[in-house]
Amino acid sequence: MTGPLVPFREIVLKVHSRCDLACDHCYIYEHADQSWRTRPRTISDEAISWTALRLAEHAKAHALPSVSVILHGGEPLLAGPARLRRVCEELTRALDGVAALDLRIHTNGLQLSPRYLDLFEEFGVRVGISLDGDRAANDRHRRFADGRSSHSQVLKAVALLRQDRYRPLDLGLLCTVDAANDPVAVYDALAALDPPRIDFLLPHATWDEPPPRPGGSPTEYADWLLTVFDRWDAQGRPMPVRLFESVLSTLSGGPSLTESLGLAPTDLVVVETDGALEQVDSLKSAYEGAAATGFDVFSHSFDEVAAHPGVRTRQLGLAGVSETCRECPVVRSCGGGLYTHRYRSEPAEAGTGAPGGFDNTSVYCADLEALIRGIESRTAAASVSPALADTGELMVAQEELTRSLLAGLHAELGGRGGAEWQEAWELAGAVEQHSDGLDEVLAHPYTRTWLIDAMAALREARPGALDTALRLRSYVAAAVVRGRLDLPVRVGLTDGVLHLPTLGTLRTGTGGEAEVRAVEQGFLVRTPTAELLVGHPGGTTPYWRPVRHLRRDGVPVLALDDLDPYRDCFGTPVHPGLGDEAAAGWSDRLAAAWRLLGDTVPEQTAEAGRTLSTLTPLLTADTPARAPGHHGHGALGVPLEGGAEELAPALLRGLRRARLRALTEVTDLYALDGEWLRPAPWQEEPVPLSALLAGAYERVGLAAYDPRHRDQARRALDTLQDAAELTVGGKSLLAVLREEADRG
Amino acid sequence: MTYQTSVTFATAKKNRTPLAEIDVRDAGVAKKLGRVLPMPTDRTARVSSFNSAL
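What you see is a predicted model; the values in this text were computed from it and never measured.

Definitions and limits used
Residues numbered from 1 in each chain as written. Chains lettered and ligands numbered in written order. Predicted model: local features only at pLDDT ≥ 70, side-chain atom pairs only at ≥ 80, totals over all residues. Helix = DSSP H or I, 4+ residues; strand = E, 2+ residues; numbered from the N terminus. Buried ≥ 20, exposed ≤ 12 C-beta atoms within 10 Å, placed from the backbone. Contact = placed C-beta atoms within 7 Å. Arc of directions from axis to C-beta. Pairing = 2+ DSSP bridges. Axes fitted to C-alpha atoms, helices over the stretch in contact; angles between N-to-C directions. Nonpolar A, V, L, I, M, F, W, Y, C, P; charged D, E, K, R; others polar. Parallel < 35°, antiparallel > 145°, perpendicular 65-115°, else oblique. Left-handed = near helix turned anticlockwise from the far one by under 90°. Expected span 1.5 Å × (residues − 1).

S.K.: Any chance you could break down the overall build of chain B for me, citing the residues and the numbers?
M.R.: Helix and strand content of chain B: two helices and zero strands. Taking all 54 residues of chain B together, the buried fraction comes to 26%.

Given below as structure tokens:
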């Protein structure tokens, strides 16, 4: 097993090993492992002290910002207030100054009283309670040993926890599913208690001991949960439901939120009342000793447990699930299900290929797939970013991204920019309020390039990083000029040059600072030695070079930007600056290429006309596909050389790449890129999904111009069809690509 | 006389947060930035994922 050690961030501390209920579905007492019988009832002082020490040492060694400790049992409240106080005190003391401590307790609630809650309030211990729903549902399993119901006592505990004073400690309700219960009655009973969170657990089961299916359906648990989902959704999702939120998160490319789903590596360890360090305790459902590691807090560090093969197996992500799961389109959401639920003591009958052990699908496999697909089909339309289908929305999302980057740069500086930055930052806010000038400058694709470079420079503590950030002043100056606002802006002069993004470059011949001010005729730049007037529309003068524009019939007006200092972001050299003759010739060839595209791929050309703003001349025709994050949407690097026949496909290819890149910058189209390699019809070596999607996207567009691309485009789309990496957004894009490919 | 621009911003400006009020610690904004910026090592607190507790 390879890969770095995954530190534990979550410690389950068994403070008491017995329970005052006798739930017949409990994995601690009623399943295969019976080790509770030999454990001390209550955790010892020594085990508490060593646990606190080991945890602090672990958090320090791995620089963990926070750790969670979940007080668990048995029934943890049976440890009593004095013992629990000691646990809280020792952990708080040990973690003080090392890492934030997130203390939680999970209880059946029977013993919960102000005495406990006052203690929990003192130490910030938050409380989760088990409740299986309405009285009928809860009584099905959660009874005392003599058969009495626990329901009314649990409701009292919930009511106590809901009092204003204790409400901040309330974590919510945990419900174990029984398919024989009425899902709506169960959900309604839980929701009526207004918990801050709910989770539904599938009852622990293995292939040896499959879950009961009273209705006989192979997807009975999915059907039950989807009924709850529909109720929850129809009510406006009044509280988070961890199971549902996890599926929704992974469907959109985010992380799983529970160890029972998803491919995230396990980061939790269990400390038993005798100090034994164990793997996740649901393994007790598999076989006697399944959770054991042979380690304990007295003699072993948490790092030693983290390196245990049993723990490492559950940290392998995709490599840790069965072969069947690795090929399954929903594996990114289900992650093969809870590890325990995959267990089978003996190989299945010949021909099924199911081995003994954990290298199997989950005994809930059909349920998990039906649940994930059910949630996806119910929510996909609303989950997909509107930017995928609407160019206007894409432009808005792109602009919001650039604005967020500017806010991010402000935060990154954290006051280091001094008065100069503060003045420019406040001016930016004012300009944004009173004109579109700042929006126009922020929409300029190379503004994004500057922002990303400035952020990187600060984070890497590069020399000159502050000066890079302070270029904001020239962006604000350009915005003031564009907005024709009567606001003087102080700017820095770099080697006697002032570049005003989107406008042009001024040669002042002096260094230091200048003041830029919009005036009736254009704008005025006051340097220490001169006052320079640049008039509208700003023709070339000995000191001013404006950004040229492509102005030809039938072609959108586009900036031909060979001036911006951040335009060199295409992975291939940019032209240092065109003369008038070269610019005119390039414009003619670009216009001819654009008209050619308009004749052959009118829809794509019209679409490009709405988004493209800037063309920058490149020295070579070799333009590699680039990852997101180099420039904002709307820029293309185009070779200077070549006639319309060469430039037209180059433009189209660039436009397709730019569009996909712009989408990936504002929404998640796939996750776990690179976990799988898939065949690409245009090369021998298999590629990660991102490359396959990019190639398909490009070729579907090019196929409309040159049918020779059609076959490869279709084959790539076929390969993408059931790819597990695709999010709901990625699948939506794939459907759009299919339609486009079918139209030809 | 106007400067060349092909974009109008009226729709975008209607409901957006003013620049100075954008909170980069907000999870949504952080996610947005994470798509284009290499993010520093994850220092955020994680939610509890233990199945048998909240």
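On we go from here.
S.K.: How would you sum up the overall build of chain A? Please name residues and give values.
M.R.: When you go through chain A residue by residue, the secondary structure sums to 25 helices and 20 strands. Overall, the C-alpha framework of chain A stretches about 95 × 60 × 45 Å when taken along its three principal axes. For chain A, the residues scored as buried account for 50% of the 744 residues in total. Taking as baseline every contact in chain A between residues at least 6 positions apart, the subset at least 24 positions apart corresponds to 69%.

S.K.: I'd like a rundown of helix 24 (residues 710-720) of chain A, residues and numbers included.
M.R.: Since the α-helix packs 3.6 residues into each turn, any two residues three or four apart lie on the same face. Residue and element names in this part refer to chain A. All buried positions along helix 24 are accounted for by Gln 712, Ala 713, Ala 716, Leu 717 and Leu 720. The buried residues of helix 24 occupy an angular sector of 135° when projected down its axis, which confines them to one face. Turned more than 90 degrees off the buried face of helix 24, the exposed positions are Asp 711 and Asp 718. Those residues of helix 24 hidden inside the fold are in contact with helix 23 (689-703) and helix 25 (728-743).

S.K.: How would you explain the sheet that holds strand 15 (residues 531-535) of chain A if you had to name every residue and give the values?
M.R.: Residue and element names in this part refer to chain A. Taken together, four strands build an open sheet; the order of strands is 10-13-14-15 and the sheet is antiparallel. Every other strand in the sheet has two partners, leaving strand 10 (489-492) and strand 15 as the edge strands with one partner each. This sheet shows a mean twist of 25° between the axes of neighbouring strands, independent of strand direction. Two strands pair when backbone bridges link them, and strand 13 (residues 513-519) and strand 14 (residues 522-526) are joined in this way by five bridges, in the antiparallel orientation. Paired with Ala 518 across the two strands is Phe 523, which belongs to strand 14.

S.K.: Give me the interface of chain B and chain A: which residues, what numbers.
M.R.: At the junction of the two partners, chain B supplies 33 residues and chain A supplies 58 residues. Among the secondary structure elements, those contributing two or more residues to the side of chain B that touches chain A are helix 1 (10-14) and helix 2 (27-34) of chain B. The element contributing the most residues to the side of chain B that touches chain A is helix 2 of chain B, with three residues. Grouping the constituent residues of the side of chain B that touches chain A by class yields 19 nonpolar, nine polar and five charged.

S.K.: Give a detailed account of the sheet that holds strand 11 (residues 497-500) of chain A, specifying residues and quantitative values.
M.R.: Residues and elements named next belong to chain A. Judged by pairing direction, the sheet is antiparallel, and its three strands sit side by side in the order 11-12-16 without closing on themselves. Only two strands of the sheet have a single neighbouring strand rather than two, namely strand 11 and strand 16 (544-546). Shown here is a sheet whose adjacent strand axes are inclined to one another by a mean of 10°, direction ignored. With three bridges joining them, strand 12 (residues 504-507) and strand 16 adopt antiparallel strand pairing. Each bridged residue has a counterpart across the sheet, and for Leu 506 the counterpart in strand 16 is Trp 544.

S.K.: Let's hear about unusual backbone geometry: which residues, and what values?
M.R.: Residue and element names in this part refer to chain A. At the junction of Gly 73 and Gly 74, the peptide bond is cis and its omega measures out at 20° in the coordinates. Its location among the elements puts Gly 74 in the loop between strand 2 (66-72) and helix 2 (80-95). The phi angle at Arg 484 is positive, at roughly 50°, despite the residue not being glycine. With respect to the secondary-structure elements, Arg 484 resides in the loop between helix 19 (472-483) and strand 10.

S.K.: Please set out the pairing of strand 10 of chain A residue by residue, giving values where relevant.
M.R.: Residue and element names in this part refer to chain A. Only one face of strand 10 is buried, namely the one carrying Val 489 and Val 491, since none of Arg 490 and Gly 492 on the opposite face is buried. Both strand 10 and strand 13 contribute to a ladder of four bridges, which runs antiparallel. Across the sheet, the residue bridging to Gly 492 is Glu 513, located in strand 13.

S.K.: Kindly report on the packing of helix 14 (residues 391-413) of chain A against helix 22 (residues 644-666) of chain A, identifying the contributing residues and their values.
M.R.: The geometry of a pair of packed helices is captured by two quantities: the angle between their axes and the separation between those axes. Residue and element names in this part refer to chain A. Between helix 14 and helix 22, the least distance of the axes is 10 Å, while the angle of their chain directions is 60°. The pairing of helix 14 with helix 22 is recorded here as oblique in orientation. Crossing geometry of helix 14 relative to helix 22 is assigned as left-handed. Within the contact between the two elements, helix 14 uses Leu 394, Ala 397, Gln 398 and Leu 401 and helix 22 uses Ala 662, Leu 663, Glu 665 and Val 666.

S.K.: Tell me about the pairing of strand 15 of chain A, and please be specific about residues and values.
M.R.: Bridging between strand 14 of chain A and strand 15 of chain A involves five bridges; their strand directions are antiparallel. Opposite Val 525 of chain A, over in strand 15 of chain A, you have Leu 532 of chain A as the bridge partner.

S.K.: Got a sec to walk through the packing of helix 22 of chain A against helix 23 of chain A? Specific residues and values, please.
M.R.: Residues and elements named next belong to chain A. At their nearest, the axes of helix 22 and helix 23 sit 9 Å apart, and the two run at 135° to each other. As summarised for this structure, helix 22 and helix 23 are arranged oblique, according to the angle between their axes. Crossing geometry of helix 22 relative to helix 23 is assigned as right-handed. Only Ala 694, Tyr 697, Glu 698, Gly 701 and Leu 702 of helix 23 make contact with helix 22, whose side of the interface consists of Pro 649, Leu 652, Arg 653, Arg 656, Arg 657 and Leu 660. The residue makeup of the contact of helix 22 with helix 23, split by class, is six nonpolar, one polar and four charged.

S.K.: Residue-level account of the environment of Arg 678 of chain A, with values.
M.R.: Residue and element names in this part refer to chain A. With respect to the helices and strands, Arg 678 occurs in the loop between helix 22 and helix 23. Given 16 C-beta atoms within 10 Å, Arg 678 falls into the partly exposed group. For the pair Arg 678 and Phe 302, spaced 376 residues apart in sequence, the C-alpha separation works out to 38 Å. Apart from the residues lying within four places of it in its own chain, the contact partners of Arg 678 are Pro 686, Val 687, Leu 689, Leu 692, Thr 719 and Ala 723.

S.K.: Tell me what's going on with helix 1 (residues 45-61) of chain A, and back it up with residues and numbers.
M.R.: All names here are of chain A. Between its first and last C-alpha, helix 1 extends 24 Å over 17 residues, near the 24 Å set by a 1.5 Å rise per residue. For helix 1, the full list of buried residues reads Ala 47, Ile 48, Thr 51, Ala 52, Arg 54, Leu 55, Ala 56, His 58 and Ala 59. Those residues of helix 1 that are buried are in contact with strand 1 (10-14), strand 2, helix 2, strand 7 (268-271) and helix 9 (302-306). Residue Ala 63 follows helix 1 closely and has a positive phi angle near 50°.

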